[in-house]
Amino acid sequence: MSKLLANLVAGLALALILALSVRARVKGRKQGGCGMSCSACAGCPSGQEEDGNEKPAG
Amino acid sequence: MSVTIALAGNPNSGKTTLFNQLTGANQYVGNWPGVTIEKKEGRARGYSGVTLQDLPGVYSLSPYTPEEIITRDYLLRERPDAIINLVDATNLERNLYLTSQLIELGIPVVVALNMMDLVKKSGDVIDSAALSQALGCPVMEISALRNQGIEDLLKQAVQSAQGARTAPPNTLSGPALQAVMDIERMLEGLVEPAMRRFMAIKLFERDRRVAGLPALDEAQRAALEQLIHGFEEQLEDDSESIITAARYEWIGELSARAVRRARTGQRHSLSDRIDRVVTNRVLALPIFGLVMFLLYYISVTTVGTLLTDFTNDTLFSEWIASPLRAAMEGAQVSPVLVGLTVDGIISGVGAVLGFVPQMLVLFILLGILEEVGYLARVAFIMDRVFRRFGLSGKSFIPMLIGSGCSVPGIMASRTIEQERDRRMTIITTSFIPCSAKMPIIAMFAGAIYGNSGWVAALAYLAGVAAVVVSGVILKKTRRFMGDPAPFVMELPAYHLPRPANVLRAAWERGWSFIKRAGSVILLSSVALWFLQAFGLEDGRLVMVEDNNTSILAAIGRLVAPLFAPLGFGGWKHAVATFTGLIAKENVVNTYGVLYGFAEVAEDGLEIWSRLAADFTGLSAASFILFNLLCVPCFAAVGAIKREMNSARWTGFALTYQSALAYAVSLVIYQLGLLLTAGTFTPWTVLALVLAAGLLYLMFRPGRRLNGIAAPV
């Protein structure tokens, strides 16, 4: 029983990590640039949304 | 209440800093001109319904560069309710040229005299009341950087947006004014009164690219041309120059009235003294080389390594991977899940995250260089080098930006007017190592070259050399032949770096790097782990003991022979090169997964030791160069496709990059083998032929066309 539970917990944790990672990737791709939705690089079309305040308007 | 306020001003006058202050946004602020290449929108803090538009910096509303067209078209088509004209008060006369055009648009303007703290410090006095009276609009004194006067400025802009329009003052005089007034009379009934002055000037300048120009019939056009021609004859100058001269005359008179200088010719004297050394004809390049070496020496070799060693060896290996494996195995979790977690995700992501400390040190140092104003000088210094090879220094700005990420670097090529120069810049920008390629370089520097700071510095210089060589080769082809674009760049005054700005920029970049590790790198690691952990046995998919019998090994072996002549023909290196196309950091996490932290505990070998066993100094140099120069990541390829706007040119760019990378790596490896070990094979012959071919393409004789060598 404990073996089944350990596998279940590990499996669910992995599934959650993968789901979050896919979500981050999809969100990042929509933002443009290298896909990381930050404003780290000059001139990048991707923008960090802060209070919903920034978006590339061009 | 819905109000739109546009921020307009000269490049590097502080628009983005002001935009960030007004909106609470966090847009990248660079200490070189041309950071904003597209307009950006944000909502003003504390004012509901007030939208702010950050426009690209322009010197005038003439249609000479894409930024000028974006700014002008926005102002004419969208007609914002007000314009905040940001004026660099330390360069008032030059900035007022744009102001003289903005006040003619019929849109309420508020002039913000920025950097007033510097003006006061220098002892100069600007009479803003006199300026306001002459310009016919409010003039506010601010310091965007120090957040001084910002609230009052926004309040005034909102008031002006809601207030009544006033007629613009006369910025012209004498015959120029007479000519414009004559055209204004022709435009009665055709153009609304608020826009009449601007349109009349544009018609006089024969500027046909203005949005909303009135449609004139044949007779009106003939009368207009006759009028313009008459004034040109009278003043012995072309119409555009007549207007420019009149504006500068007005600005000169206005400055004489409103500005009192404490000292003349003494401004930014410290900057001038530093520039005398830093941009010196002889010393500039050695100083640049030394700065780059120190940059990488500190970030890769000294401070960065201490932190990275701890992250790799202790944090991920001893503190995370080993205990987690023991705990999962103790709980009898399936070997597949243990492998996926420890050998896949932790090994892959950990291999990339291990470089975060080095990257942070690098980003902090780059941030300091930029804040101080040195990076702007680098573009100026490189113009001298580039121009000699038929390239413009303007091409270096995209490359400077590309050292962070190739995507915005490639996009920044938009500021180059000449299409052939722009295309060449798009093709070559990704040769400069971006922050994602740095872990590859740092990994090999650590594994093969004893953590020498020279490796990263040489990789950077190799990128610059590839740009120059490509410039020489491509400029000799018919498609790219011609004079390089002129490069005029304002050098910002040196100032001390602000720690908060530097740290924020470094954290932003570092966080972006971490986010990539958590998304694209993690997903790639999972896929890689699966492909290297499973293989086909008797037609069944089973977990394999040795990844040399895995699916990934089978795929890798198909393409590996392609890289054998370059010195890295093993299937793992072929796989690493191909996964690098998804994201360049993938090269590192591929080795992380394939060599595995998990095996560290078993045989005592770390990734770097395993890498050192697989590579020689020569094959590692070949591998680094190939990954540096070959096709960039998919995101950058997308940017190339967008900016080229042509499948044929995109295809050419990718083919050229791949061919150059292959040729350079083959030549370096094969000729290196010949010189060091005396090895001579058919590949040596091919390398010699390619080296001769490259030299021929660079030095082939050509006729001179507009000062540039061209093929006969």
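Residue positions are counted from 1 within each chain, in the order its sequence is given. To label them, take the chains in the order written and letter them from A, then take the ligands in the order written and number them from 1. Selection of residues for local features in this predicted model requires a pLDDT of at least 70, selection of side-chain atom pairs for listing and counting requires 80 or more, and totals for whole chains, interfaces and linings are taken over all residues.

Chemist: Hey, could you run me through the overall build of chain A in this one?
Modeler: We count a stretch as a helix when DSSP gives it H or I for four or more residues in a row; a strand needs E for two or more, and each element gets its number in order from the N terminus. Within chain A, the regular secondary structure consists of one helix and one strand. Considering chain A as a whole, with its 58 residues, one finds that 38% of them fall into the buried category. Exposure classes come from backbone-placed C-beta atoms, where a residue is buried if 20 or more other C-beta atoms lie within 10 Å of its own, exposed if 12 or fewer do, and partly exposed in between.

Chemist: What is the right way to read the overall build of chain B from this model?
Modeler: Tallying secondary structure elements over chain B gives 30 helices and 12 strands in all. In terms of overall size, chain B behaves like a compact globule, its C-alpha atoms giving a radius of gyration of 30 Å where 712 residues would be expected to give roughly 27 Å. In terms of overall dimensions, chain B has C-alpha extents of about 90 × 65 × 50 Å along its principal axes. With 712 residues in all, chain B has 50% of them scored as buried. Considering only residue pairs separated by 6 or more positions, chain B has 70% of its internal contacts joining residues 24 or more positions apart. The globule rule used for comparison is 2.2 Å times the number of residues to the exponent 0.38, while the radius of gyration itself is calculated over C-alpha atoms. Note that contacts rest on C-beta atoms placed from the backbone: two residues are in contact if these are within 7 Å.

Chemist: So what exactly am I meant to see when it comes to unusual backbone geometry here?
Modeler: In terms of backbone geometry, most residues other than glycine have negative phi values and most peptide bonds are trans. Residues and elements named next belong to chain B. Positioned with a positive phi, arginine 79 is a non-glycine residue whose angle comes to about 45 degrees. Residue placement: arginine 79 occurs in the loop between α2 (66-78) and β4 (82-88). Residue class for arginine 79 comes out partly exposed when judged on the 15 C-beta atoms lying within 10 Å of it. For aspartate 538, which is not glycine, the phi torsion reads 55 degrees and is therefore positive. By secondary structure assignment, the location of aspartate 538 is in the loop between β9 (534-537) and β10 (540-543).

Chemist: Hey, could you run me through the nonpolar core in this one?
Modeler: Nonpolar side chains in soluble globular proteins tend to end up buried together. Residues and elements named next belong to chain B. The nonpolar core is taken to be a set of buried Ala, Val, Leu, Ile, Met, Phe, Trp, Tyr and Cys residues joined by way of C-beta atoms within 7 Å. In terms of nonpolar packing, the biggest core is built from 136 residues, with Ile441, Phe444, Ala456, Ile624 and Leu629 touching the most fellow members. The element that contributes the greatest number of residues to this core is helix α21 (residues 499-533), accounting for 12 residues. Residues Ala82, Ile103, Met116 and Leu203 belong to the second largest nonpolar core, which totals 69 residues.

Chemist: Would you mind showing me how to read the packing of helix α18 (residues 419-429) of chain B against helix α29 (residues 647-677) of chain B here?
Modeler: The geometry of a pair of packed helices is captured by two quantities: the angle between their axes and the separation between those axes. Residues and elements named next belong to chain B. For every element, the axis is a line fit to its C-alpha atoms; helices are fit only across the contacting stretch, and the angle between N-to-C directions ranges from 0 to 180 degrees. Where α18 meets α29, the axes come as close as 9 Å, and the angle between the chain directions of the two elements is 45 degrees. For the element pair α18 / α29, the angle class is oblique. Judged by the sense of rotation from one axis to the other, the crossing of α18 with α29 is right-handed. Residue-level inspection shows Arg423, Ile426 and Ile427 of α18 in contact with α29, the latter providing Trp649, Ala653, Tyr656 and Gln657. Orientation is classified from the angle alone, with under 35 degrees giving roughly parallel, over 145 giving roughly antiparallel, 65 to 115 giving roughly perpendicular, and any other angle giving oblique. Throughout, a crossing is termed right-handed when the near helix is turned clockwise from the far one, and left-handed when it is turned anticlockwise from it by less than a right angle.

Chemist: Can you help me understand the environment of His229(B) in this one?
Modeler: Residues and elements named next belong to chain B. In this fold, histidine 229 is placed in helix α9 (residues 218-235). Judged by the 11 C-beta atoms lying within 10 Å of it, histidine 229 is exposed. Between the C-alpha atoms of histidine 229 and phenylalanine 204, which are 25 residues apart in sequence, the distance is 9.6 Å.

Chemist: What's the story with the domain arrangement of chain B in this structure? I'm lost.
Modeler: Frequently, the measure chosen for interface size is the accessible area that the parts lose on association. The domains assigned to chain B are domain 1 (3-162), domain 2 (174-260) and domain 3 (284-486 + 498-711). Each domain's extent was defined by an automatic or database domain assignment. A C-alpha centroid distance of 54 Å is found between domain 2 of chain B and domain 3 of chain B.

Chemist: I tried to follow the environment of Leu369(B) on my own but got confused; where do I start?
Modeler: Residues and elements named next belong to chain B. For leucine 369, the position within the fold is in helix α14 (residues 356-372). With 78 residues separating them along the chain, leucine 369 and valine 291 place their C-alpha atoms 9.3 Å apart. Contacts of leucine 369, omitting those with residues within four sequence positions, involve Tyr374 and Leu375.

Chemist: Teacher, can you tell me more about the confidence of the model for chain B here?
Modeler: Do not read the fine detail of predicted coordinates wherever pLDDT is low. Residue and element names in this part refer to chain B. Averaged over all residues, the pLDDT of chain B equals 85, while 92% of them reach at least 70. Scored below 50 in pLDDT, residues 598-605 makes 11 contacts in the model with residues more than four places away or belonging to other chains. Within the model, the stretch residues 704-712 combines pLDDT values under 50 with 22 contacts to residues more than four positions away or in other chains. Taken over the whole predicted complex, pTM reads 0.73, whereas the ipTM for its chain interfaces reads 0.79. The pLDDT score gives, residue by residue, the confidence of the prediction method on a 0 to 100 scale.

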